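# Architecture at a glance
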Amino acid sequence: MTSARLAPRSPRRVALLPTAALLLGALYCLVPVVWVVMAATKAGDELFSTFTLAPGTGLLANIADLNAYRDGVYWRWMANSALYAGVGAALSCAVSALGGYALAVYRFAGREAIFGVLLTGVLMPPVILAVPQYLLLAEVDLTDHYLSVLLPVLLSPYGIYLARVYAAAAVPPDVVEAARMDGAGEWRIFRAVALPMMLPGLVTIFLFQFVAIWNNFLLPFIMLSDDEKFPMTLGLYTLLNQGSNSPALYTLVITGSLLAIVPLVALFLLIQRFWSLDLLSGAVKS
């Protein structure tokens, strides 16, 4: 009795399923972006009367109308978003770097308990914290203020978690001990030794925080009432609400949404070189 040989599976056939899944995922992510790009090029009379993914002829006119709306209030919203996201992400990244480094390098009582609380914070939805944060800031009369959006984002449990993981992997304990033996203080060790090693991970944390704050809607919606302090997300929301009475504003909302993507793409392209440098440096480390 002879046993039949099993034919080896073709590598090409095996790769079809993950390739198809990746293509479907890319399609799912890119179709809305393509729709926004195409819709932003259409004039008001073309938006609902032409094929969805067909380009229009009104992009420059839409940008001009958006620029003229309420004396250019959209650019004020964009500047507010840049302030909230830039300053908030930078300060949050600094706090995450300090906290993550301390949890990775130092041994002290309660360290694991603190880390467990941070992990709980990672799992907690922001909507649960928004109202308590509003009530706390209202007690010190900071609502409807720039700080009411900046202060709650300074402490990022996820950022501290990433910083701790990266510091534990990138900062060798022997290097820290050698710096101490050379007489360096703890702050100097962190600033001159650990921080350069942690830089690629901190760039990632900064990017995550910047995107999260840039796209944040709930916190400004609860904290702010003066539309001069609105970020871009909340400003576009007010335009969308007014569009039910004035359909011409829909083109402004779509054009504003398209322009809001540009800073995120530019930021990603700008900091991408830090990841490339990290990969190259890792290839030659002994």
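Above this text you will find the structure in question.
A few points on the structure.

Procedures and definitions
Residues numbered from 1 in each chain as written. Predicted model: local features only at pLDDT ≥ 70, side-chain atom pairs only at ≥ 80, totals over all residues. Heavy atoms only, no water. Core = buried A, V, L, I, M, F, W, Y, C linked by side-chain atoms within 4.5 Å. Buried < 20%, exposed > 50% of the residue type's maximum accessible area, 1.4 Å probe, protein only. Helix = DSSP H or I, 4+ residues; strand = E, 2+ residues; numbered from the N terminus. Contact = heavy atoms within 4.5 Å. Axes fitted to C-alpha atoms, helices over the stretch in contact; angles between N-to-C directions. Parallel < 35°, antiparallel > 145°, perpendicular 65-115°, else oblique. Left-handed = near helix turned anticlockwise from the far one by under 90°. Nonpolar A, V, L, I, M, F, W, Y, C, P; charged D, E, K, R; others polar.

### Here's the deal with the nonpolar core
What tends to happen in soluble globular proteins is that the nonpolar side chains get buried as a cluster. Among the nonpolar cores identified, the biggest contains 35 residues, and Y74, F210, W214 and L239 are the most heavily contacted of them. Counting only elements with at least two residues in this core, the list comes to α4 (73–105), α7 (146–150), α10 (186–214), α11 (218–223), α12 (232–242) and α13 (249–284). Broken down by element, this core gets its largest block of residues, 8 residues, from α13. If near-sequence neighbours (up to four positions away) are discounted, Y74 is found in contact with L66, M232, L236, G256, L259 and A260. Counting residues in hydrophobic clusters, the runner-up holds 16 residues, among them C93, A179, M198 and I205.

### Digging into the packing of α4 against α10
At a closest axis distance of 7 Å, the pairing of α4 and α10 adopts a crossing angle of 140°. Classified by the angle between their axes, α4 and α10 sit oblique to one another. The way α4 lies across α10 gives a crossing that is right-handed. Broken down by class, the residue content of the contact of α4 with α10 amounts to 21 nonpolar, 6 polar and no charged.

### Some thoughts on the side chain of R164
Looking at the secondary structure, you find R164 in helix α8 (residues 157–170). Classification of R164 as buried rests on a relative accessible area of 14%. Once you skip the residues sitting within four places of it in the chain, R164 turns out to touch G100, L103, A104, R111, E112 and F115.

Such coordinate-based values are descriptive only and should not be taken to indicate function.
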